[in-house]
Amino acid sequence: MSEYRLTHSVTDHRGDLLLDAGTVLSREAMQSVACVATASIGTCRLMDFYQVGSDLNDFFAAPPYDVIFKGTDRMRALLDIAGEVTMPEPLLEALYHFRKLDFYTYRHTLLVFALSILITRELIADRTAMIQEVLAGPVHDIGKRCVPIEILTKETPLTPSELEHLHHHTLAGYVLLSHYFRDPDILAARVARDHHERKDGSGYPLGIAMDSLTTDIIMVSDVYDALISPRPYRKSSYDNRTALEEMIRQAETGSISHTVVRVLVALNRRSRPHFSQCVLSAEERGAPPEDNVYGTTQPNEKNGPH
Ligand SMILES: [Fe+2]
Ligand SMILES: [Fe+2]
């Protein structure tokens, strides 16, 4: 059985070592990191943290999010659920660190959060389960706090060792979230660990076949935003139609969830159909931008977005 092993160390918000490179993330290791004593740490509502709420509003104005987030009912529901998300301040500060040094990651994180709320509303009825699910959105890439900023913002292909360091963000996020929420079983920590796995086993860190609706929702939101947003190594992003076609193609090959992609397509339709009424067509009309390779930093890398 494969095991989770850290390729690099994980430190806390003060720079103190939590777990060293080479550590196997056994049950005992994760329980001990969840129990490491911390000076009292406050919590804060995500939407009240500095400019998070107003930044999100600005992000909603740009296509295609202007269509997805349009409408009083949709926005009211979104803000109602988003308003319930609170988290330990070091995690919020890590998020804000990206606002200053890696704005792409900051924007991406908040949009994955907002999009996952709309998708979750369609697929998860229980309110408590819904809040647990959407909490995973803003922290799914929080492990990038343990990746050098030069790697995150590099505009040219990463070397194999840089790519390995970048992939470290999944397990680093798992450790950080287990630590700050003091619970290695919290859904957000597992989603941070698993959001680059794929349903057909083609992802990382372990390459196992994921079968979890909660991970599926973040996975689809993550891939979609990565496709339609500019990235450090890709100045021109996919247009929305081509991005949705790429999502459908991936759903049909079995790497991401067909149901979740169907919800995403329904959210993109101005006529507001229920997702069960959306037929997915893989017919290709658009073309990916020429000057880049989707979600990759290496020509042969197929593990999706960062
Ligand atoms: Fe992401
Ligand atoms: Fe990620």
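An unreviewed UniProt entry lists the protein chain under the name HD-GYP domain-containing protein, with Desulfosarcina widdelii as the source organism.

### Considering the packing of helix H9 (residues 160-180) against helix H10 (residues 187-194)
Relative to each other, H9 and H10 sit at 170 degrees, their axes nearing to 7 Å. With respect to each other, H9 and H10 are oriented roughly antiparallel. Counted together, Thr170, Leu171, Gly173, Tyr174, Leu177 and Ser178 of H9 and Ala188, Ala189, Arg190, Ala192 and Arg193 of H10 form the full contact between these two elements. Residue classes in the contact of H9 with H10 are distributed as six nonpolar, three polar and two charged.

### Side note on the coordination of the iron ion (ligand 1)
The iron ion (ligand 1) binds to the protein through His108 (NE2), His140 (NE2), Asp141 (OD) and Asp222 (OD); the donor distances cover 2.1 to 2.3 Å. Of note, the iron ion (ligand 1) draws all its donor residues from one chain, in the sequence arrangement H-x31-H-D-x80-D. The two metals, the iron ion (ligand 1) and the iron ion (ligand 2), are separated by 3.6 Å and share Asp141 as a common coordinating residue. Pair noted here: His108 is in helix H6 (residues 103-123) and Asp222 is in helix H11 (residues 213-228), with a separation of 114 residues, a long-range link.

### Overview of the pattern of salt bridges
Per the stated rule, a full pass over the model turns up 14 salt bridges. Across the pair Lys144 and Asp141 runs a salt bridge, and its minimum N-O distance is 3.6 Å. No difference in accessibility class separates Lys144 from Asp141, as the two residues are buried. Overlapping salt bridges bring together Asp12, Arg14 and Asp16 as one network.

### Thoughts on unusual backbone geometry
The step from Pro63 to Pro64 runs through a cis peptide bond, and the omega angle for that step is -5 degrees. Relative to the assigned elements, Pro64 resides in the loop between helix H2 (52-60) and helix H3 (65-68). Cis rather than trans, the peptide bond between Tyr204 and Pro205 has omega equal to 15 degrees. Here Pro205 lies in the loop between H10 and H11.

Rules of the game
Residue positions are given per chain, counted from 1 along the sequence in the order it is written. The naming scheme follows written order: chains are lettered A onward, ligands numbered 1 onward. For this predicted model, a pLDDT threshold of at least 70 governs which residues receive local features, and a threshold of 80 or more governs which side-chain atom pairs are given and counted, while totals over whole chains, interfaces and linings are taken from all residues. Side-chain measures here rest on the full set of heavy atoms in the structure, leaving out hydrogens and waters. Here an axis means a line fitted to C-alpha atoms, over the contact stretch when the element is a helix, while the angle between two N-to-C directions is reported on a 0 to 180 degree scale. Per the convention used, a helix needs a DSSP run of H or I reaching at least four residues, while a strand needs a run of E reaching at least two, with both numbered from the N terminus. Roughly parallel here means an angle under 35 degrees, roughly antiparallel means over 145, roughly perpendicular means 65 to 115, and every remaining angle is called oblique. Any pair of residues with heavy atoms lying within 4.5 Å of one another is described as a contacting pair. For this classification, the nonpolar set comprises Ala, Val, Leu, Ile, Met, Phe, Trp, Tyr, Cys and Pro, the charged set comprises Asp, Glu, Lys and Arg, and every other residue, Gly included, is treated as polar. Metal donors: N, O and S atoms at distances within 2.8 Å, or within 3.2 Å for Na, K and Ca, with water omitted from the atom set so that some sites may seem incomplete. Salt-bridge detection follows one rule: a side-chain nitrogen of Lys or Arg within 4 Å of a carboxyl oxygen of Asp or Glu. Note on exposure labels: buried denotes an accessible area under 20% of the residue type's maximum, exposed denotes more than 50%, and partly exposed covers the range between, all computed with a 1.4 Å probe on protein chains only.

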